[in-house]
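Chain by chain, the residues run as shown.
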Amino acid sequence: MSSYFSLACLAQIESAYGVEEGITQLGKASTSMTFTASTSSTKDIPPGRVCVWNFPLEIAFKSTNAYGWPQIVFNVYGLDSFGRDVIRGYGSLRLPLCSGQYEKYVPTFIPVASVPLNGFIAYLAGRLPEFLDSRFIVKNEGREVTRVKSQGTVKVKLNIITKDLENFGYINK
């Protein structure tokens with residue numbers, strides 16, 4: 001499995017330093033290590049196999065307004081039963097506003113065909129439904145008519161440092 005990530009900055013926030021998008025290294029889901037709700041800090045994550053990427057990101061943003069706060073967009077890819085690289089899940093995470101260390105769980109989903117017959121044909125052809133623009137999931141336009149299916153979870157560890165938010169009237173605690 002691999003993951004494509006991108007940082008979506010809407011409105012007045014822009015990147016000042018760092019990589020805004022990229023692809024992680026390939027990883028294989030462990031057959032010996034499984035993730036269960038009893039080993040996690042949250043009880044609503046379904047059990048499943050674990051794939052670890054350990055992919056560090058470093059990026060700095062600049063803005064004069066907090067409108068359009070940055071989000072990380074995840075596209076997880078993996079092999080299907082025929083060995084083809086297909087989408088395994090989309091997910092997004094809004095970056096925390098306050099400084100600190102965070103551990104977040106991002107639920108992922110995949111689009112599904114509007115008609116079951118189309119889904120079966122797409123599976124056989126190796127062309128499963130996919131979003132053309134991966135940042136579509138952080139936008140509001142068109143989301144209400146999209147059919148999706150829950151697919152898995154991505155665990156993200158974040159170290160956030162903020163600077164000069166007090167100058168704009170925000171309290172950082």
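Within an unreviewed UniProt entry, the label attached to the chain reads B9 domain-containing protein 1, and the organism entered is Anaeromyces robustus. The UniProt entry for the chain carries the following text under Subcellular location (unreviewed entry): "Cytoplasm, Cytoskeleton, Cilium basal body".

Visitor: I'm lost on the overall build of the chain in this one. Help?
Guide: Assigned secondary structure in the chain consists of 1 helix and 10 strands. Secondary structure elements in the chain, listed N-terminal to C-terminal, are β-β-β-β-β-β-β-β-β-α-β. The buried share of the chain, reckoned over its 173 residues, is 33%. Entry remark: accessible area of the chain is about 11,400 Å², with carbon and sulfur atoms responsible for 55%.

Visitor: Mind showing me how you'd approach the nonpolar core here?
Guide: A general trend in soluble globular proteins is that nonpolar side chains are found buried together. Counting residues in hydrophobic clusters, the biggest one holds 15 residues, and the most contacted among them are Ile72, Phe74, Leu93, Val106, Val154, Val156 and Leu158. Broken down by secondary-structure element, the contributors of at least two residues to this core are strand E7 (71-79) and strand E10 (148-160). Among residues more than four places away in sequence, those in contact with Leu158 are Ile72, Leu93, Leu95, Pro96, Gly100, Gln101, Tyr102 and Lys104. Core analysis: the next-biggest nonpolar cluster, separate from the first, contains 10 residues, Tyr77, Tyr90, Phe109 and Ile137 among them.

Visitor: Looking at this model, I keep getting lost on the packing of aromatic side chains. Mind explaining?
Guide: The way to describe two aromatic rings as a pair is by their centre distance and the angle between their planes. Under the counting rule described, the total for this entry stands at 4 aromatic pairs. When the ring of Tyr90 is compared with that of Phe109, the centres are 6.4 Å apart and the planes differ by 40°; the resulting orientation is tilted. One end of the pair, Tyr90, is in strand E8 (residues 85-94); the other, Phe109, is in strand E9 (residues 100-111), and 19 residues separate them in sequence. Judged by its relative accessible area of 1%, Tyr90 is buried. Residue Phe109 is classed as buried on the basis of its relative accessible area of 15%. Relative to Phe131, the ring of Tyr90 lies with its centre 4.8 Å away and its plane at 45°, an arrangement referred to as tilted. Here the residue Tyr90 occupies a position in strand E8, and Phe131 occupies one in the loop between helix H1 (116-125) and E10, the gap between them amounting to 41 residues. Judged by its relative accessible area of 15%, Phe131 is buried. Three or more aromatic residues link up through ring pairs in this structure, and these residues are Tyr90, Phe109, Phe131 and Phe136.

Visitor: It is not clear to me how the side chain of Thr108 should be interpreted in this structure. Could you clarify?
Guide: Among the structural elements, Thr108 can be located in strand E9. Taking the relative accessible area as the measure of exposure, Thr108 reaches 5% and is therefore buried. Among residues more than four places away in sequence, those in contact with Thr108 are Gly89, Tyr90, Gly91, Lys149, Ser150, Gln151, Gly152, Thr153 and Val154.

Visitor: Could you clarify how one ought to interpret the pattern of salt bridges in this entry?
Guide: Pairing between side chains of opposite charge can happen when their charged atoms approach one another. One pass over the full model with this rule turns up 2 salt bridges. A salt bridge links Asp80 to Arg84; the nearest nitrogen and oxygen atoms lie 2.9 Å apart. A residue is classified by how much of its surface remains accessible, and Asp80, at 10% relative accessible area, is buried. You can call Arg84 partly exposed: its relative accessible area is 23%. For Glu103, the salt bridge identified is with Lys155, shortest N-O distance 3.8 Å. Linking Glu103 in strand E9 with Lys155 in strand E10, this pair joins segments that are 52 residues apart in sequence. By relative accessible area, Glu103 is classed as partly exposed at 37%. Taking relative accessible area as the criterion, Lys155 reaches 45% and is therefore assigned partly exposed.

Analysis parameters
- Residues numbered from 1 in each chain as written.
- Predicted model: local features only at pLDDT ≥ 70, side-chain atom pairs only at ≥ 80, totals over all residues.
- Heavy atoms only, no water.
- UniProt positions renumbered as here; feature names shortened; annotations may be inferred.
- Helix = DSSP H or I, 4+ residues; strand = E, 2+ residues; numbered from the N terminus.
- Buried < 20%, exposed > 50% of the residue type's maximum accessible area, 1.4 Å probe, protein only.
- Areas by Shrake-Rupley, 256 points an atom, 1.4 Å probe, with all protein chains shown as cover.
- Core = buried A, V, L, I, M, F, W, Y, C linked by side-chain atoms within 4.5 Å.
- Contact = heavy atoms within 4.5 Å.
- Phe/Tyr/Trp six-rings, centres within 6.5 Å; stacked < 30°, edge-to-face > 60°.
- Salt bridge = Lys/Arg side-chain N within 4 Å of Asp/Glu carboxyl O.

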